[in-house]
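Examining the three-dimensional arrangement
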Amino acid sequence: MRADHARTVFELVGEKHWNPATVSWTSQATMTLGLVCVYVVLDVDLSGGPNTNYFVFPTTDMEGLYAQLDSWNLELGQLDLGERASGQKVFAYIAMASRKDPGNERLSPTGQTNMQIMTLAPRGLDWWGVETAPGDGGRYRRNPTYRKRKEDLTNALLDAAQRVLGDQLNGESIRDHIVHLETATPLSHERYTNATGGTSYGYLHSPEQSGDSRPQHITEIEGLWLVGANTTSGHGIAGAMAGGVTCAGEILERPLLIEMIMGAALVDPERIPPDPDGFDPMEWSRGQRLRDARSAGRDSRTGSTGRGIR
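Residues numbered from 1 in each chain as written. Predicted model: local features only at pLDDT ≥ 70, side-chain atom pairs only at ≥ 80, totals over all residues. Heavy atoms only, no water.

Focus: a nonpolar patch on the surface
Quick reminder of the rule: Each patch is built from residues lacking any salt bridge and having more than 30% relative accessible area; the joining distance is 9 Å for like charges and 5 Å for nonpolar side chains (Val, Leu, Ile, Met, Phe, Trp, Tyr). A 1.4 Å probe and the Shrake-Rupley method give the accessible areas. Residues count as covered only by the protein chains that appear here. What makes a salt bridge here is a side-chain nitrogen of Lys or Arg within 4 Å of a carboxyl oxygen of Asp or Glu, nothing more. Numbered from the N terminus, helices here are DSSP runs of H or I no shorter than four residues, and strands are runs of E no shorter than two. Only protein chains enter the accessibility calculation, which uses a 1.4 Å probe. A residue is then buried if its area is under 20% of the maximum for its type, exposed if over 50%, and partly exposed in between.
On the surface, Leu-257, Ile-258, Ile-261 and Met-262 cluster together to form a nonpolar patch covering roughly 450 Å² of accessible area. Positionally, Leu-257 belongs in helix α9 (residues 256-261). Overall, the relative accessible area of 32% leaves Leu-257 in the partly exposed class.

Below is the structure:
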């Protein structure tokens, strides 16, 4: 079972096994806002531009923007991104994967550009027209309100990207160059990772939920250790990776993170076998090794043709 900290406490382990203080903190903790991410591939090569991330701010009142997303209420209709959404209205973060790793055809074929456009999403399920979260078995993908919200936000984020990249497209519309378009919402994130509230970053990094006030790697349950965005090491790629190393170091009682920063060789390189031919780390992580083993097992039972003998 995939479980963030909250689901670990209440579902994977069960609250009766934790100290009351842990249960109380987890019950009251606030999650971060979720993200909407539009994955785009264009049929033009924009890899020659600056290797940077773009931020599109619709206002200088960032506290007000967060407060609006955080306290939105369906009945009050205070935040209707469906009607108000445009490149001028929505906050956007644009990452150009093809500029960060030029020439990588696993991102996109030569002559194309892989990019992502992200924004913050309103808290909760109401704005999406959904009653039950996917982590609790709820269905949402065919919900008409959800589909409309998703379409509106996708268009708003494409508008924001147009503002940033229009000159690099010689004034042409970004929509005329799209060869792949896919949008993920907080509900998508929860469906695939079981993250509470569909958040990418776990618990909100407020003063009362940071540092020693955030779940530590070690727990009161012997043999149970925690890693991930919800822990004291923090969120994001760097936080999650550093947290994994820090947790391993605590288990081994050695400063692994410092050793790695100082360049220590943790294993003998000669003991690391080479990658097999055609090795694809993504396919491997998705179970390629297990599928190969199962396939080999079937072949040994049925013969090289793969046809079973009944």
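Some points on the pattern of salt bridges
Throughout the structure, instances matching the rule amount to six salt bridges. Put simply, Arg-7 and Glu-190 hold a salt bridge, and the shortest N to O gap is 3.0 Å. With Arg-7 in helix α1 (residues 5-13) and Glu-190 in helix α7 (residues 186-193), the pair connects residues that are 183 residues apart, well separated along the chain. For the salt bridge of Arg-175 with Asp-159, the shortest nitrogen-to-oxygen distance reads 3.1 Å. Of the two residues, Arg-175 sits in the loop between α6 (144-165) and β5 (178-184) while Asp-159 sits in helix α6, which places them 16 residues apart along the sequence.

Some details on a positive patch on the surface
Short version of the rule: This count recognises Lys and Arg as positive and Asp and Glu as negative, with His and chain-terminal groups excluded. Charged groups are reduced to one reference atom each: NZ for lysine, CZ for arginine, CG for aspartic acid, CD for glutamic acid.
There is a patch of like positive charges on the surface, built from Arg-139, Arg-141, Arg-142, Arg-147 and Arg-191. Positionally, Arg-139 belongs in the loop between β4 (113-120) and α6.

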